[in-house]
Structure formats: C-alpha cells, structure tokens
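Listed here are the chains, written in short residue letters.
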Amino acid sequence: MTTSTVSLGSRFATEFPELAIGWQAETPPRPTLLLLNEPLAHELGLDADWLRTPAGIGLLTGTTLPASATPVAQVYAGHQFGGLQPRLGDGRALLLGEFADGRDLHLKGSGRTPLARGGDGRAAVGPMVREYLISEAMHALGIPTTRALAVVATGAAVQRETALPGAVLARVAASHIRVGSFQYAAATGDTGLLRRLADHAIARHHPGCVEADNRYLALFDAVLTAQAELVARWMLVGFVHGVLNTDNVTISGETIDYGPCAFMDTFDAATVFSSIDSWGRYAYGNQPAITGWNLARFAETLLPLLDEDSDTAIELATAALGEFAPRYQTAWRTGMRAKLGLAHDNPDDALVDELPALMTEHQVDYTSFFRGLARGDIPLGYMEWVQRWRKHSPDTAAMNAANPVYIPRNHLVEEALAAATAGDMAPAGALLDAITDPFTERPDLQRYALAGSADFAAGYRTFCGT
Ligand code: AMP
Ligand code: MG
C-alpha cells in the first residue's frame, strides 16, 4: 500500500465550498503512533502495517495525503449551553475526505485553522486517548458512534494548566454534518445551500426519505428517530455526554465529540461530570429533554424547506417534534426490558418505569446492578419489585448479553490517561481490551468491573475542549 492507493474523496469539500475552508494540517515535529485501531483499519481497506510506516503516519496526521483529497475545516454554527454562536467550525480539526464506503476521515488537534478563534489548534495526548477509549467502548456496546482510527503523539508540547504532550486523533464518522451545520446554512439565508445540504444528508444517511411526499419532513423525522434511539441507548448504559450543544449533534445519529463525557457509577439522574456545566444543563437525566430541544433547533433550520407557507411549515415541524417524547420512551422501555430479560412486548410498563426511582433510592451501581440481578445477587430492598419481576420469568442469559460487565470506569480512564501522558500506553491498552469485549466476564479482569471509591467519585470532574 502507498499513499496514492488510499481512496479518499473530496465530496463535501467540492459540493459545499460555502461550508469548507481549504486548509493544511500542521506537520508534527516527532510523530509517534500511540494507538492504532487495526479492526477499523481493516474495515476501511487500510493496511495496518503500512499505517505504522512514516507514510501511513503521514496519512494519520494529514501531512501526506493522496492527490484526490482536499482537506478542509468545516464551518458550522451552534447553540453552546443555550446561546447561539453563529460561526464555530473546526478550529483545531480537519476533514481529510471520504473513504470509498462514504465515511469521513477527520483529524482533531492538527493545528490552528481560520476558525480557531482564541484556541491554539492543538490537543493533548490525554483527551485524545480518552476519545479513543470511550468511543471504542461505545462501539463495542453497540451504540452508534464516530470511531477512533489512531492517536499519534506530535512530539510538540501543548500549553494547558501545565505543558502537556500534544497529539492528533484520526477519527472516522458516517459524516461530520451536525445540527450546527444546518444552523449555519440556514443563517446564510441561501435556501439553495440549505436544500443542497439537506439533499446531501438524505443521500448519505437517510436515503429512504426520497420516497416521501415531503422529503425534508421525512429527513427531520428520520433524524428525530435516530436521535431518540441514540439518547435512549446512552441512558441505558449510563453515559453522560457532557456537552450536548447543537454542534455536537449529528444528522447521522452517531455520538460525536467525546470531551467531558463519562459513565455514571451510582445511579443518579442529577449526575454531572463536566466542570463547566454548573447548572446541570447536560446532566444524565436531562439528556432526553435537551436532545428534544436540540431537535427543535434543527426543525427551525428546515422551515423554509418544509413548506412555502411558513404557518404550514411551523405546523408540520411542531407535529413532527411531538413524536420525540413517545419515540424516546418506547426506545428506552424496549431497551430496559432487554436489560431485565423481559420479552420485547412485555406489557408491564410500570415495572420498568418504577426502576429508576428504586435505583436512586438504593444508590445502586448502575452497571453492575443488572448483572447482579441476573446472578440472583439482589439487594434486599428490592424484594417487592424483584418478586414482580420474577413472575415474568426473566431470561438471564439474554440479560447477560444486554448488560455489560465492563464500561470505561472513571478511575480506570484517569489512570490510563495519566500513564499515556507520561509515555506508558500499557494501562490504556489493558483497559481497551476489557471495554471492547464488554459482555464477556473474564475472571482476571475483575478490577475492570468495579466502581472507583466513593471519594474518587465525589470529586470527579471532567473538562471540555482540552
Ligand atoms: P468541542 O468542545 O471540541 O466540541 O469544541 C467546540 C469548538 O471549539 C469547536 O469549534 C472547536 O473546533 C473549538 N476548539 C476547541 N478547542 C480548540 C483549540 N484548542 N483550538 C482551536 N479551536 C478549538
Ligand atoms: Mg464539537
């Protein structure tokens, strides 16, 4: 394999000059490959051994690309913590192009772009390894997500509170089109651009919409369904995204932008990890409602496409948005029935609906609770509920296939990131082994199944954009 045999198109760059700024990645002084996702490389038709060579690392850092590629910084807007930023975009990221299967190859930490605002364009090893670990854990849990292809240390220092080693993450995604991309396109007032973006999103992610009478209403409905199912999946595994701004909501329905995200240990709807989310806007329990809010922002952008008459467009959008809550609830209940070993069409909604309050009251470790139930290891406080549950003859083998043993526990993630920052990738590798095969219990990995200490959990904070 050589650079010129890598199939990397420039579809987005060519079709959307209004949303793309041609730009080059910074050349890292001493690039060192820290993590390489061999199964993903294989899926993409990339030779893993070649990716380890200087030419392969050149691809993974955007410094040597096939002639077909046109790297760009993507422009988008976004509501950040509720306030609209009309021009955000890739300040430290680049879209390198699209693989033959349509997926994007994208870099994070590849240097300042014209959209960098005050930022330095760089990323530190710790946060890029964090995105690698958590996104691969999500993938292994069966949750739609962007993937991590590689982390390359740059050899340059990044100044944060202290000087940290820098890194570039190579990320693969169905696309990087976000609600914020539509917000930016809509704000230009160019309905032709908006329509092209919507048609592009339909072709790439929701091709069935072309059959509908109103394909843009169908697009909205498809994104709403994908996002309702996605946030239900997060809730079912205890994932807290942490920064659910509209620029971090994809049209494809993949989880994107692993910044201050973390998994909850003790069940509590108010769980917040992000140091800047002091109001709890993006707390665990608020994620469904905030996703509904973000979808309302998406609907606003589509109004000019929904109907020529603006009152009719608003009526259509409002009615479609009303589907979010029931679809989310259906997705969550269906998932919770699977976690409880109940039949897909079990009619006892009260049994699943009562569980969050019980888990809160008894301060259960959310992940291990379900495996414990399947083993018959039941906290006494649940006896009344448990007796009702048992009457349904739950399928415990099915429960073990639906409930992970291993999630990226916060204390283990921090241990792996601290070691990676100090140059030791072994803890990250060991954690990755556990969390990329999350449902198979292995006796030698018991440490990876346990929550951290209560003291650790009480003080645990995560940080954005580092
Ligand atoms: P994120 O929190 O990663 O979604 O980033 C939010 C916005 O800030 C995006 O537009 C990023 O491109 C930008 N950004 C974050 N960190 C940096 C940085 N170090 N340099 C330049 N831009 C950044
Ligand atoms: Mg982002």
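In this text the structure is predicted, and so the values were computed from the model without any measurement. Note that residues are indexed from 1 along each chain, following the sequence as it is written. In the order they appear in the text, chains get letters beginning with A and ligands get numbers beginning with 1. Residues qualify for local features only when their pLDDT is at least 70, as the model is predicted, and side-chain atom pairs are given and counted only at 80 or more; totals for whole chains, interfaces and linings, by contrast, use all residues. Side-chain metrics rest on all non-hydrogen atoms present in the structure, leaving aside hydrogens and water.

Student: Even after reading the chapter, I still don't get the overall build of the protein chain, so can you show me in this structure?
Tutor: The helix and strand tally for the protein chain stands at 18 helices and 11 strands. Taken along the three principal axes of its C-alpha coordinates, the protein chain extends 65 × 60 × 40 Å. Buried positions account for 56% of the 466 residues belonging to the protein chain. Should any heavy atoms of two residues lie within 4.5 Å, those residues are counted as being in contact. Considering only intrachain contacts with a sequence separation of at least 6, the fraction spanning at least 24 residues in the protein chain is 71%. Reported accessibility uses the Shrake-Rupley method at a 1.4 Å probe radius. Residues are deemed covered only where the shown protein chains occlude them. Working note: accessible area of the protein chain is about 18300 Å², and carbon and sulfur atoms make up 54% of it. Helix and strand assignments come from DSSP, with helices taken as H or I runs of at least 4 residues and strands as E runs of at least 2, each series counted from the N terminus. Each residue's exposure class comes from its accessible area (1.4 Å probe, protein chains only) as a fraction of the maximum for that residue type: buried when under 20%, exposed when over 50%, partly exposed otherwise.

Student: Would you mind going over the coordination of the magnesium ion (ligand 2) with me for this structure?
Tutor: Under ideal tetrahedral coordination, the four donors around a metal are separated by 109.5 degrees; under ideal octahedral coordination, the six donors are separated by 90 or 180 degrees. In this analysis a donor is any N, O or S atom within 2.8 Å of a metal ion (3.2 Å for sodium, potassium and calcium), and since water is not included, sites may seem incomplete. Protein ligation of the magnesium ion (ligand 2) involves Asn 248 (OD1) and Asp 257 (OD), the donor distances falling in the range 1.8 to 2.2 Å. Of the two residues, Asn 248 and Asp 257, both sit in the buried class.

Student: What am I meant to see in helix H8 (residues 215-237) here?
Tutor: Since the α-helix turns once every 3.6 residues, residues separated by three or four places project in the same direction. A helix is expected to reach a length of 1.5 Å times the quantity of its residues less one. Taking 1.5 Å as the rise per residue, H8 with 23 residues should run 33 Å; its terminal C-alpha atoms sit 33 Å apart, in good agreement. Note on H8: the residue one or two positions beyond its end, Gly 238, has a positive phi of about 80°.

Student: When you look at the site of ligand 1 in this model, what are you seeing that I'm missing?
Tutor: Only heavy atoms are used to decide nearness, and a residue is near a molecule or strand if one of them lies within 4 Å of it. Inspection of the region around ligand 1 gives 15 residues, with Gly 89, Gly 91, Asp 120, Gly 121 and Asp 257 positioned closest. Within the contact set of ligand 1, an oxygen atom lies 2.9 Å away from a side-chain nitrogen or oxygen of Asp 257. Here ligand 1 loses 86% of its free accessible area of 480 Å² to cover by the protein chains. The class makeup of the residues in the shell around ligand 1 is two nonpolar, six polar and seven charged. Polar contact is the term for a pair of N or O atoms within 3.5 Å; when the atoms are in protein, one must be able to donate a hydrogen and the other to accept it, and sequence-neighboring residues count only if both atoms are side-chain atoms. Any residue that is not Ala, Val, Leu, Ile, Met, Phe, Trp, Tyr, Cys, Pro, Asp, Glu, Lys or Arg is counted as polar, Gly included; the first ten are nonpolar and the last four charged.

Student: Which parts of the structure should I look at to understand the pattern of salt bridges?
Tutor: One side-chain nitrogen of Lys or Arg within 4 Å of one carboxyl oxygen of Asp or Glu is enough to make a salt bridge. Counting across every chain of the model gives 32 salt bridges. Salt-bridge contacts for Glu 15 lead to Arg 11; the nearest nitrogen and oxygen are separated by 3.1 Å. Placement of both Glu 15 and Arg 11 in helix H1 (residues 11-15) is noted, with a separation of four residues, approximately one turn of the helix. By relative accessible area, which is 33% here, Glu 15 ends up partly exposed. Close ionic contact of Asp 349 with Arg 333 constitutes a salt bridge, the shortest N to O distance being 3.3 Å.

Student: What's the story with empty space enclosed by the protein in this structure? I'm lost.
Tutor: A probe matching the size of a water molecule, rolled over the atoms, marks out where space remains unfilled. Using only the protein atoms, space was sampled on a 1 Å grid; points where a 1.4 Å probe fits but cannot get out form cavities, open sets with protein on both sides within 12 Å along at least five of seven lines form pockets, and lining residues are those with an atom within 4 Å of a point. Grid points are joined across faces, edges and corners, and a volume is the space filled by probe spheres set on the points. A complete count under the given rule lists one cavity of 30 Å³ or more for this structure. Estimated volume of the largest cavity: approximately 30 Å³. Around the largest cavity, the lining residues are Gln 227, Leu 230, Trp 234, Leu 244, Asn 248, Val 249, Thr 250, Glu 254, Thr 255 and Ile 256. The residue inventory of the lining of the largest cavity, partitioned by class, reads five nonpolar, four polar and one charged.

Student: I keep staring at the packing of helix H6 (residues 179-187) against helix H9 (residues 287-306) and nothing clicks. Help me out?
Tutor: Relative orientation of the contacting elements H6 and H9 amounts to 35°, with a least axis distance of 9 Å. Both H6 and H9 take part in a crossing whose hand is left-handed. On H9, the residues touching Val 179, Phe 182, Gln 183 and Ala 186 of H6 are Asn 294, Arg 297, Phe 298, Thr 301 and Leu 302. Across the contact of H6 with H9, the residue classes tally to five nonpolar, three polar and one charged. Every axis corresponds to a line fitted to the C-alpha atoms, with the helix fit spanning only the stretch in contact, and the corresponding angles, defined between N-to-C directions, vary from 0 to 180 degrees. Definitions for this section: a left-handed crossing has its near helix turned counterclockwise from the far helix by less than a right angle. A right-handed crossing has that turn clockwise.

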